[in-house]
Amino acid sequence: FFFFNDTATTEIYTEQIVGSVRCVQETGIDNRMRRKFRGNKPLVAIGYGTNKKARHVIPNGFRKFLITNLHDLELLLTNNRTFCGEIAHNISARKRAQIIKRAAELNVRLTNAGGRVKFDEKKAENK
């Protein structure tokens, strides 16, 4: 569940300030969410919490760690059974290929290893 304020109605508005709007208890005296009128979203409650062991765990059983350079990959060397790497979206194809190669050497799992590299290899073959 994602809990947003009653005033955060448009998607653009909630995307911009999702961190500050999330999980805020409604407090207005006439607020229809707080008064639990029909057709309104549920209020924030402790019962909607996630199990601590399962929190931030993705379906493959690992937790994500964002990789922006080769040094970030070295940090996963000791935690490669708990965390998997995810290459940042703004990494170039050349750096991406270096990161993938080093991850294979360190036995670190990557979630998006097949991203931009295969596309660029096909592009190079056509030339």
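Everything below is about the structure printed above this text.
Quick caveat, the model's predicted, so the values are computed rather than measured.

Draft legend 1. Examining the overall build of the protein chain more closely. Each helix and strand counted, the protein chain has 5 helices and 2 strands in total. For the protein chain, the sequential pattern of α-helices and β-strands runs α-α-β-α-β-α-α. Residue burial in the protein chain is summarised as follows: out of 127 residues, 23% are buried. Carbon together with sulfur atoms contributes 53% to the accessible area of the protein chain, which is approximately 9,800 Å² in total.

Draft legend 2. Highlighting unusual backbone geometry. The phi dihedral of Lys36 falls on the positive side, at around 60°, and the residue is not glycine. Structurally, Lys36 can be placed in the loop between helix H2 (18-21) and strand S1 (63-67). For His56, which is not glycine, the phi dihedral falls at a positive 65°. Relative to the helices and strands, His56 is located in the loop between H2 and S1.

Draft legend 3. Summary view of helix H4 (residues 93-106). For H4, spanning 14 residues, the distance from its first C-alpha to its last is 20 Å, which sits close to the expected 20 Å at 1.5 Å a residue. When H4 is considered as a whole, its buried residues turn out to be Arg96, Ile99, Ala103 and Leu106. Across the axial projection of H4, the buried residues extend over an arc of 90°, all falling on one side. Counted as exposed and oriented over 90 degrees from the buried face of H4: Arg94, Lys101, Ala104 and Glu105.

Draft legend 4. Molecular detail of the environment of Leu106. Among the structural elements, Leu106 can be located in helix H4. Residue Leu106 is classed as buried on the basis of its relative accessible area, which comes to 11%. Considering only alpha carbons, one finds Leu106 and Leu77, 29 residues apart in sequence, at a separation of 6.4 Å. Once residues lying within four places of it in the same chain are set aside, the contact partners of Leu106 are Leu73, Glu74, Leu77 and Asn80.

Draft legend 5. Region of the structure containing the pattern of salt bridges. Evaluation of the coordinates by the stated rule reveals 3 salt bridges. In this structure, the salt-bridge partner of Arg102 is Glu105, at a minimum N-O distance of 2.9 Å. With Arg102 and Glu105 both in helix H4 and 3 residues apart, this pair spans about one turn of that helix. Put simply, Glu74, Arg102 and Glu105 are held in one network by salt bridges that share partners.

Draft legend 6. Structural detail: the side chain of Asp72. Here Asp72 shows up in helix H3 (residues 70-75). An unpaired buried charge is present at Asp72: no salt bridge exists, and Lys95, the closest side chain of opposite charge, is 11 Å distant. Apart from residues lying up to four places away in sequence, Asp72 is in contact with Phe65, Leu66 and Ile67.

Draft legend 7. Fine view of the pairing of strand S2 (residues 83-87). Of the strand pairs in this sheet, S1 and S2 are connected by 5 bridges, and their pairing is parallel. Looking across to S2, one finds that Leu66 is bridged to Glu86. In terms of handedness, the path from S1 via H3 over to S2 forms a crossover that is right-handed.

Draft legend 8. Region of the structure containing the nonpolar core. Counting 11 residues, the largest nonpolar core is built from Ile67, Leu73, Leu76, Ile87, Ala88, Ile91, Ile99, Ala103, Leu106, Val108 and Leu110. Not counting residues within four places of it along the chain, the set of residues in contact with Ile91 comprises Ile67, Thr68, Arg96, Ile99 and Arg116.

Criteria and thresholds
- Residues numbered from 1 in each chain as written.
- Predicted model: local features only at pLDDT ≥ 70, side-chain atom pairs only at ≥ 80, totals over all residues.
- Heavy atoms only, no water.
- Helix = DSSP H or I, 4+ residues; strand = E, 2+ residues; numbered from the N terminus.
- Buried < 20%, exposed > 50% of the residue type's maximum accessible area, 1.4 Å probe, protein only.
- Areas by Shrake-Rupley, 256 points an atom, 1.4 Å probe, with all protein chains shown as cover.
- Expected span 1.5 Å × (residues − 1).
- Arc of directions from axis to C-beta.
- Contact = heavy atoms within 4.5 Å.
- Salt bridge = Lys/Arg side-chain N within 4 Å of Asp/Glu carboxyl O.
- Lys, Arg positive; Asp, Glu negative; His and termini not counted.
- Pairing = 2+ DSSP bridges.
- Right-handed = clockwise from strand over helix to strand, strands pointing away.
- Core = buried A, V, L, I, M, F, W, Y, C linked by side-chain atoms within 4.5 Å.

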